[in-house]
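Secondary and tertiary structure notes
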2 protein chains.
Amino acid sequence: MAFISLPNCTNLAPKIPQVHRRSQSKPRAFASLPPTTNTPTTIDLPAYLTAVSSNLDAQVSHTLPLQPPHIVHAPMRYCALSNPTPLAPAVCIAVASDLFGVPHPTALIPAHALHLVHAAALMHEDMPALLDRTTRANRPTTHIKFAQNVAILTYDGLVPFAFAHIAESNLPADISLRLVAEISKAMGSQGFASGQYMEAQTLSWADGFFDKDCADQVHSMKMGVLVECGAACGGIVGGAKDEEIERLRKYGRALGIMYQILWDIKEKERGGFGKASYARGYGAERAMEVAEEMGREARKALEGFDPQGTQLLEGFADCGAAAHVGVGL
Amino acid sequence: MAFISLPNCTNLAPKIPQVHRRSQSKPRAFASLPPTTNTPTTIDLPAYLTAVSSNLDAQVSHTLPLQPPHIVHAPMRYCALSNPTPLAPAVCIAVASDLFGVPHPTALIPAHALHLVHAAALMHEDMPALLDRTTRANRPTTHIKFAQNVAILTYDGLVPFAFAHIAESNLPADISLRLVAEISKAMGSQGFASGQYMEAQTLSWADGFFDKDCADQVHSMKMGVLVECGAACGGIVGGAKDEEIERLRKYGRALGIMYQILWDIKEKERGGFGKASYARGYGAERAMEVAEEMGREARKALEGFDPQGTQLLEGFADCGAAAHVGVGL
């Protein structure tokens, strides 16, 4: 396969498989794929997220080939490929396609960019000066696989690349620009980066100490702001009205916090870090109640949208099902 | 002064003073400022760069106030303020205003963004895992003033902020989007970040070893690509034709390499690093010859533009004058 840099993203054929839905209605999403069967009963979240992840990998392989200088592009690909971060991109695609009928390759444009900046941010967070993780998703982290200086500069390659990817897409300029602004603000000093600062501060917490306000902020400004951004980007690329985008924001933020809590509960069971987690502060049972409340809040934010288009999004917010799904945080 | 985040940049009144010019013609730049005197003789490069630097600081103070969370915004401001990086932004402003009559506050939009991403990139490069600098421009580097984890995340705050700054400006969407693409590509894996990787590799060079190809690439992909980007952004915001932008690119790249060589000559005199510098490989005299050649090449690229508009740009490329000017690299 001949690679070129920064191609028009719509050249990639969509590959996300059909999702089993609760109703027999024709799905608005994935129009170029086979129609859903007549007897679906549940939304298969793991299959959907796996498919999104596979699509993102294909997209990264296509837009970010191993080209000279290899010493620069190899760690960029290592960081971005096989990185389990599909929740925010999946929500972006589901909002754009299911709610607004956006063709899947178009919905992939912001999803791909969001995936790249999230992967880059996690790479920074894994470094010794921050959370000092040596593995992520059963692979050595980027600074372990390569080196710390490489991991620092790989971010500097990936994030501008993500913005260039949007800027050079075939989306209308005003839409592209709103996506750039949305992702920039979600990832910057009023968003994800601030959440990372705050989480790093929790490293100094003494055993038994728990600051609820700080935990709230970490939950809200990491996964909360990220999935909110995914939902908003899906709405923007779908031409949603401002009022609709505001409701999608509420949906995404609650959903992101819900998944963060569920992830923290699992992490605590494994004896992991989780300094700022509700599971640590309140125990798994109370944390699960908060997660369920977040799921209800997310579903409530979907009221008023076409019910045909929200089935998948409601499925994401099913706390019981989501508890068994692994997503990359 | 009440600060708000991400205001319309044109709210800031231009403050760059008039530049003494070679001719008596009315300058096309800085239209809202007093006209030039009738007896100018030379272009005062240091005064111009100081004024640009002062404008950039005012812009940073205005767009990036010290707001909560302070632990995040204080290092962002520390990194971006009083940072001697005005060459690329100065070229951007000079191209936009002198060649294309763009009002100064509008020319400041891309100049400000470029200044921020450059300051962020230099902060990363100063870290122990890279060039391990403890001071920059007579101040402690960001990771020394704060901490390594802060310096890592401060980039993550500044770069998205720079793109949001453009995306939320009052420029036409298609212009803004081209600026985002231009800066992204200049700073990413095909540009500045690659130059930084290569320069880091030169740390392992044995005494006496010099690889001209590597030095060429470092020169070209650091200051070369950065000033090229400044010139191109000035053209884009000025509505230049594609052919004009290509000539401006040539001008900027040659100019950037020229200043890099001049800086390296000074650095070598001070006993500094300069692994990949021509001054190290060929000695100061031969390096100066290459710098002069770059200056001629830069001026040649200006041929065909309105001579009234290129006086300041030609002044930048005067190698003899530039040798006495300090710019931030």
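Residues numbered from 1 in each chain as written. Chains lettered and ligands numbered in written order. Predicted model: local features only at pLDDT ≥ 70, side-chain atom pairs only at ≥ 80, totals over all residues. Heavy atoms only, no water.

Spelled out, the test is: UniProt positions are given in the numbering used here, feature names are shortened, and annotations may be inferred rather than shown by experiment.
Where an unreviewed UniProt entry is consulted, chain A appears under the name Geranylgeranyl pyrophosphate synthase, with the organism given as Amborella trichopoda. Per UniProt, chain A carries the Sequence similarities (unreviewed entry) text "Belongs to the FPP/GGPP synthase family." In its Cofactor (unreviewed entry) section, the UniProt entry covering chain A states "Mg(2+)".

**Describing the interface of chain A and chain B**
Applied cut-off: Here, two residues are considered to be in contact whenever any of their heavy atoms come within 4.5 Å of each other. Buried area is understood as the total, over both parts, of accessible area removed when two parts are fitted together, assessed with a 1.4 Å probe. A side-chain nitrogen of Lys or Arg and a carboxyl oxygen of Asp or Glu constitute a salt bridge if their distance falls within 4 Å. Between N or O atoms, a polar contact is any pair within 3.5 Å; within protein, one atom must be a potential hydrogen donor and the other a potential acceptor, and residues adjacent in sequence are included only when both atoms are from side chains. To qualify as a helix, a DSSP run of H or I must reach at least 4 residues; to qualify as a strand, a run of E must reach at least 2; elements of each kind are numbered from the N terminus. Residue classes follow a fixed rule: Ala, Val, Leu, Ile, Met, Phe, Trp, Tyr, Cys and Pro count as nonpolar, while Asp, Glu, Lys and Arg count as charged, and any other residue, Gly among them, counts as polar.
If you look at the interface, chain A gives 46 residues, while chain B gives 46 residues. Surface buried jointly by chain A and chain B totals about 4,000 Å² across both partners, of which 72% is contributed by carbon and sulfur atoms. Looking only at chain A, the three residues that lose the most surface to chain B are A:Leu153, A:Leu177 and A:Tyr197, adding up to 19% of its buried area. The tally of links from chain A across to chain B stands at two salt bridges. Put simply, chain A and chain B have 16 residue pairs in polar contact (both at pLDDT 80 or more) between them. Mapped onto the side of chain A that touches chain B, the elements with two or more residues apiece are helix H2 (70-80), helix H6 (148-167), helix H7 (173-187) and helix H8 (192-201) of chain A. The element best represented in the side of chain A that touches chain B is H6(A), accounting for 14 residues. A class-by-class count of the residues in the side of chain A that touches chain B yields 27 nonpolar, 15 polar and four charged.

**Concerning the side chain of A:Arg77**
All names here are of chain A. The test is simple: Buried means the residue's accessible area, taken with a 1.4 Å probe over protein chains only, is under 20% of the maximum for its type, while exposed means over 50%, and partly exposed covers the values in between. For this count, His and the chain ends are skipped, Lys and Arg are scored as positive, and Asp and Glu as negative.
Mapping Arg 77 onto the fold places it in helix H2. Although Arg 77 is buried, it forms no salt bridge, and the closest oppositely charged side chain is Asp 57 at an N-O distance of 9.2 Å. If near-sequence neighbours (up to four positions away) are discounted, Arg 77 is found in contact with Val 60, Ser 61, Leu 64, Pro 65 and Leu 66.

**Focus: the relation of the copies chain A and chain B**
The test is simple: To superpose the copies, least squares is applied to the C-alpha atoms of every residue with a pLDDT of at least 70 in both.
In screw terms, the move from chain A to chain B is a rotation of 180° and a rise of 0.0 Å along the axis, fitting with an RMSD of 0.0 Å. Each copy turns onto its partner about a two-fold axis. For chain A, the minimum C-alpha distance to the rotation axis belongs to A:Ala173 and amounts to 2.8 Å. Same-surface contact between copies: 100% of interface residues of chain A are shared with the interface of chain B.

**Description of the environment of B:Met258**
All names here are of chain B. Residue position: Met 258 is located in helix H10 (residues 242-269). Classification of Met 258 as buried rests on a relative accessible area of 0%. Sequence separation between Met 258 and Met 223 is 35 residues; the distance between their C-alpha atoms is 8.8 Å.

**So, the packing of aromatic side chains**
Residue and element names in this part refer to chain A. Stated precisely, the cut-off is as follows: Each pair of aromatic rings taken from Phe, Tyr and Trp, with Trp reduced to its six-membered ring, is defined by centres within 6.5 Å and is described as stacked if the planes are under 30 degrees apart, edge-to-face if over 60, and tilted in the remaining cases.
What the rule picks out here adds up to 14 aromatic pairs over all chains. Between Tyr 278 and Tyr 282, the aromatic rings sit 5.8 Å apart at their centres with planes inclined by 25°, giving stacked as the arrangement. Separated by four residues within a single helix, Tyr 278 and Tyr 282 lie in helix H11 (residues 278-282), roughly one turn from each other. Residue class for Tyr 278 comes out buried when judged on its relative accessible area of 8%.

**Points about unusual backbone geometry**
The omega angle of the peptide bond from A:Pro68 to A:Pro69 is -10°, so this bond is cis rather than trans. You can see A:Pro69 is positioned in the loop between helix H1 (45-63) and H2. Positioned with a positive phi, B:Asn138 is a non-glycine residue whose angle comes to about 65°. Position of B:Asn138 relative to the elements: it lies in the loop between strand E1 (135-136) and strand E2 (139-140).

**Comments concerning the confidence of the model for chain A**
When pLDDT drops low, the exact placement of atoms in the prediction is not to be read closely. All names here are of chain A. The condition is simple: A residue's pLDDT is simply how confident the predictor is in it, with values from 0 to 100.
Mean pLDDT over chain A works out to 85, with 86% of the residues at or above the 70 mark. When mean pLDDT is taken per element in chain A, H7 scores highest with 97 and H11 scores lowest with 86. In this model residues 1-15 is a low-confidence stretch, pLDDT under 50, and it forms 36 contacts with partners more than four residues away in sequence or in other chains. Contacts of residues 17-41 to residues separated by more than four positions or lying in other chains number 57 contacts, the stretch itself having pLDDT below 50.

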